[in-house]
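Here's the letter readout for the chains.
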Amino acid sequence: MIRKALVIFAILLICTLLETALLSNVVFLPVVPDLLLLVVMYISVYNGSLSGETTGFVSGLLLDFLTAAPLGLNCLLRTLLGFFAGLFNNVLNISGIFIPALLALIATIVKAVMIEFISFFFPNGVITYDMFSAAFGIELLLNVILAPMVFAFLSLFSSVLVDNKEIVHG
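These numbers come from a predicted model, not from an experiment. (Residues numbered from 1 in each chain as written. Predicted model: local features only at pLDDT ≥ 70, side-chain atom pairs only at ≥ 80, totals over all residues. Heavy atoms only, no water.)

S.K.: Explain the overall build of the chain to me, using residue names and the numbers behind them.
M.R.: Within the chain, the secondary structure is distributed over 7 helices and 0 strands. Its helices and strands taken in sequence order, the chain reads α-α-α-α-α-α-α from the N to the C terminus. At 15 Å, the chain has a C-alpha radius of gyration in line with the 15 Å of a compact globule built from 170 residues. For the chain, the C-alpha atoms occupy an extent of roughly 45 × 30 × 30 Å along the three principal directions. Considering the chain as a whole, with its 170 residues, one finds that 43% of them fall into the buried category. Nonlocal contacts in the chain, meaning residues at least 24 apart in sequence, comprise 69% of its contacts between residues at least 6 apart. Carbon and sulfur atoms make up 76% of the accessible area of the chain, which amounts to about 9200 Å² in all. (Helix = DSSP H or I, 4+ residues; strand = E, 2+ residues; numbered from the N terminus. Rg over C-alpha atoms; globule rule 2.2 N^0.38 Å. Buried < 20%, exposed > 50% of the residue type's maximum accessible area, 1.4 Å probe, protein only. Contact = heavy atoms within 4.5 Å. Areas by Shrake-Rupley, 256 points an atom, 1.4 Å probe, with all protein chains shown as cover.)

S.K.: If you had to explain the pattern of salt bridges to someone new, which residues and values would you point to?
M.R.: For the coordinates displayed, the defined rule picks out 3 salt bridges. Put simply, Asp 34, Arg 78, Lys 111 and Glu 139 are held in one network by salt bridges that share partners. (Salt bridge = Lys/Arg side-chain N within 4 Å of Asp/Glu carboxyl O.)

S.K.: Just give me the short version of the nonpolar core, but keep the residues and values in it.
M.R.: Nonpolar side chains in soluble globular proteins tend to end up buried together. Core analysis: the largest hydrophobic core is formed by 36 residues, its most contacted members being Val 39, Met 41, Tyr 42 and Leu 161. At the level of elements, helix 1 (2–22), helix 2 (35–47), helix 3 (49–66), helix 4 (73–86), helix 5 (98–121) and helix 6 (134–155) are the ones that each hand at least two residues to this core. Among the elements that line this core, the one with the most residues is helix 2, at 11 residues. (Core = buried A, V, L, I, M, F, W, Y, C linked by side-chain atoms within 4.5 Å.)

S.K.: With reference to specific residues and values, describe the side chain of Asp 64.
M.R.: Topologically, Asp 64 is positioned in helix 3. Here Asp 64 sits buried without a salt bridge, and the closest side chain of opposite charge, Arg 78, lies 7.0 Å off (N-O distance). Reaching out from Asp 64, the side chain makes a polar contact with the side chain of Asn 74 at a distance of 2.9 Å. Apart from residues lying up to four places away in sequence, Asp 64 is in contact with Ala 69, Pro 70, Leu 71, Gly 72, Leu 73, Asn 74 and Cys 75. (Lys, Arg positive; Asp, Glu negative; His and termini not counted. Polar contact = N/O pair within 3.5 Å; in protein donor to acceptor, adjacent residues only side chain to side chain.)

S.K.: Break down the packing of helix 2 against helix 5 for me, with residues and values.
M.R.: The packing of two helices is summarised by the inter-axis angle and the distance between the axes. Orientation of helix 2 relative to helix 5, taken along the N-to-C sense of each, is 115°, at an axis distance of 10 Å. As for the relative orientation of helix 2 and helix 5, their crossing is right-handed in sense. Residues Leu 37, Leu 38, Met 41 and Val 45 of helix 2 pack against Leu 103, Ala 104, Ala 107 and Thr 108 of helix 5. (Axes fitted to C-alpha atoms, helices over the stretch in contact; angles between N-to-C directions. Left-handed = near helix turned anticlockwise from the far one by under 90°.)

S.K.: Provide a residue-level description of the side chain of Asn 74, including the pertinent values.
M.R.: Residue placement: Asn 74 occurs in helix 4. In contact with Asn 74, not counting residues within four places along its chain, are Gly 56, Gly 60, Leu 63, Asp 64, Thr 67 and Ala 69.

S.K.: Go over the layout of surface pockets, please, and point to the residues and values.
M.R.: Looking at the largest pocket, its volume works out to about 710 Å³. Forming the boundary of the largest pocket are 27 residues, of which Asn 74, Lys 111, Ile 115, Ile 127 and Tyr 129 lie nearest the centre. Contributions of two or more residues to the lining of the largest pocket are made by helix 1, helix 3, helix 4, helix 5 and helix 6. The class makeup of the residues in the lining of the largest pocket is 15 nonpolar, 6 polar and 6 charged. (1 Å grid on protein atoms, 1.4 Å probe; cavity = no way out; pocket = protein on both sides within 12 Å on 5 of 7 lines; lining within 4 Å. Points joined across faces, edges and corners; volume = space filled by probe spheres on them. Nonpolar A, V, L, I, M, F, W, Y, C, P; charged D, E, K, R; others polar.)

Bear in mind that shape data such as this cannot, by itself, settle questions of function.
Set out below in structure tokens:
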């Protein structure tokens, strides 16, 4: 249990640093793919809502501390996304290409809609997405393309990350 928590935290920390320190400084990328969101989706679908909430909260807290986002914004978004993705525990087979890509598509859109909803209550504190902009489309595309690769990479650590040992990775 402690080993699993430490491995998940290490993965979250590496992805947070990769997003905030490396990918955000790449000049030719207009937006940064949301690797943390993909990790939260993977953990949530394989381990359930409680693990999804916890992973989402920790990833959001790391992201809030390392970005200019209002403290708690990413925690709230990722906790909710982790909970709802965890409802599909043992329902979806995410070892292929289509389902991880679909999860990334839905999660990215829901994240943008939730940010838009929150910005209604805090108009000066939250930077929103323009859902019909090229930047949002590129982030959506990057998340959809990277999701199967991130899920395949994380499945290499499934003996540590996944509670249910009966799941067979293709």
